[in-house]
Amino acid sequence: MDQMIKDHHKIKVLYDYLPFVGSYGGVPRYLCEILMEVKDKIEIEMSVLYSDNEYAKQLPFLKIPHLFTKNKFKGKSRLEGIINLIYSSQKIVRNNYDIFHATCSNAYMLGYSNASYLKHIKKPFVATIHDMIYENAPSEYKETYAIHIESKKKLIYGSDHIITVSENTKKEILKFYPINPDKITVIHHGAPTVSQVKLQNEFGKYILFVGRRSPYKNFPFFTESIAPLLLDGNQLKLVCVSPSFTKEEEKFLMKLGIRNQVITIGGVSDDMLNSLY
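Below you will find a few notes about this structure. (Residues numbered from 1 in each chain as written. Predicted model: local features only at pLDDT ≥ 70, side-chain atom pairs only at ≥ 80, totals over all residues. Heavy atoms only, no water.)

## Quick word on the packing of helix 8 (residues 219-230) against helix 9 (residues 247-256)
Contact pair helix 8 / helix 9: the axes reach a minimum separation of 10 Å and the direction vectors enclose 20°. With respect to helix 9, the element helix 8 is oriented roughly parallel. Between helix 8 and helix 9 lies a crossing whose hand is right-handed. Contacts from Pro220, Thr223 and Glu224 of helix 8 reach helix 9 at Phe252, Leu253 and Leu256. Tallied by class, residues from the contact of helix 8 with helix 9 come to four nonpolar, one polar and one charged. (Axes fitted to C-alpha atoms, helices over the stretch in contact; angles between N-to-C directions. Helix = DSSP H or I, 4+ residues; strand = E, 2+ residues; numbered from the N terminus. Parallel < 35°, antiparallel > 145°, perpendicular 65-115°, else oblique. Left-handed = near helix turned anticlockwise from the far one by under 90°. Contact = heavy atoms within 4.5 Å. Nonpolar A, V, L, I, M, F, W, Y, C, P; charged D, E, K, R; others polar.)

Written out as structure tokens, the structure is:
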């Protein structure tokens, strides 16, 4: 790679669109931090056409527009997903890049709905594996387990190299998918300069939950588990840094009797997030 840069040829790396599904998340934040670091060293090619992701907005060189409007509307996420799927699939099969980087494991290009694009990749293919949650807790994901595992197999066995975020995750990959250990490189998560700003605590005593509240994150189980603590009369709150609650979530929290002690805030700055932690 260094030699190619010396020869004034930048490697073109195609990144998939999956991190930019949704407004927030750890994976898009992680990827955007990487892109900021490498933007002058490689040619970045994105396979995303539309996105409302907040972290992508902070990278002006990506120039990813909203679908029609920045506001939410019924069916927007589904339509955006379909468009990005088609666009990304076309980018992958054209092989107009030097390296393809699959930034998270997902079924969209690996066999789900007959969309098996992996076999069309003729260039070096790198995959990032963030965790092995499905493999470690199969009973919790009965409806999606089979699809996810089949996809993960194709990703792990079909890629030329794997990046993972910890030595433990590497061990778990080797446990469930016996491959040459040399195929896996561990690159730990880093962070930009941490803000030293300390904002005033507006919430008193609280438990902090950061990220999307999808079943994958075990939010229902988590809230059921801490409900007795919130109801113990100690003025403890649950602060969620994530989008507003859905109607179903509102009903769920009311049923637990903790709705008034659960707060959700979105779009927080790094200063505020650091202060919350």
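## Points about the sheet that holds strand 7 (residues 206-210)
Strand order in this open sheet of three strands is 7-8-9, and the pairing throughout is parallel. Across the chains shown, the open sheet's two edge strands, defined by having one partner strand only, are strand 7 and strand 9 (262-265). Adjacent strand axes in the sheet meet at a mean angle of 20°, parallel and antiparallel pairs treated alike. Direction of pairing for strand 8 (residues 237-241) relative to strand 9: parallel, over a ladder of four bridges. (Pairing = 2+ DSSP bridges.)

## Overview of the side chain of serine 159
Tracing the sequence through the fold places serine 159 in the loop between helix 6 (145-158) and strand 5 (161-164). The buried category is assigned to serine 159, whose relative accessible area is 5%. Reaching out from serine 159, the side chain makes a polar contact with the backbone oxygen of isoleucine 156 at a distance of 3.4 Å. Aside from chain neighbours lying at most four places away, what touches serine 159 is Phe125, Ala127, Lys154 and Lys183. (Buried < 20%, exposed > 50% of the residue type's maximum accessible area, 1.4 Å probe, protein only. Polar contact = N/O pair within 3.5 Å; in protein donor to acceptor, adjacent residues only side chain to side chain.)

## Observations regarding the sheet that holds strand 6 (residues 184-186)
Taking strand neighbours across the sheet as the criterion, the six strands line up as 2-1-3-4-5-6 in an open arrangement whose pairing is parallel. Single-partner strands in this sheet number two, and they are strand 2 (43-46) and strand 6. Averaged over all pairs of adjacent strands, the angle between strand axes in this sheet comes to 25°, irrespective of strand direction. One ladder, built from three bridges, connects strand 1 (residues 12-15) with strand 3 (residues 99-102); its direction is parallel. For valine 13, the partnering residue across the bridge sits in strand 3 and is isoleucine 99. Strands in contact with helix 6 are strand 3, strand 4 (125-129) and strand 5; relative to strand 4, the strand with the most contacts, it is inclined by about 130°.

## Quick notes on the pattern of salt bridges
Taken as a whole, this structure holds nine salt bridges when the rule is applied. Note that lysine 76 and aspartate 52 form a salt bridge whose closest N and O atoms lie 2.8 Å from each other. Here the residue lysine 76 occupies a position in helix 4 (residues 76-94), and aspartate 52 occupies one in the loop between strand 2 and helix 3 (54-57), the gap between them amounting to 24 residues. We classify aspartate 52 as buried; its relative accessible area is 7%. Between lysine 152 and glutamate 135 there is a salt bridge, and its shortest N-O distance comes to 3.0 Å. In this pair, lysine 152 is assigned in helix 6 and glutamate 135 in helix 5 (residues 133-136), connecting sequence segments 17 residues apart. You can call lysine 152 buried: its relative accessible area is 1%. The class of glutamate 135 is buried, set by a relative accessible area of 6%. Taken together, the salt bridges that share partners define one network made up of Arg29, Glu33 and Asp270. (Salt bridge = Lys/Arg side-chain N within 4 Å of Asp/Glu carboxyl O.)

Shape descriptors only; they carry no functional weight alone.
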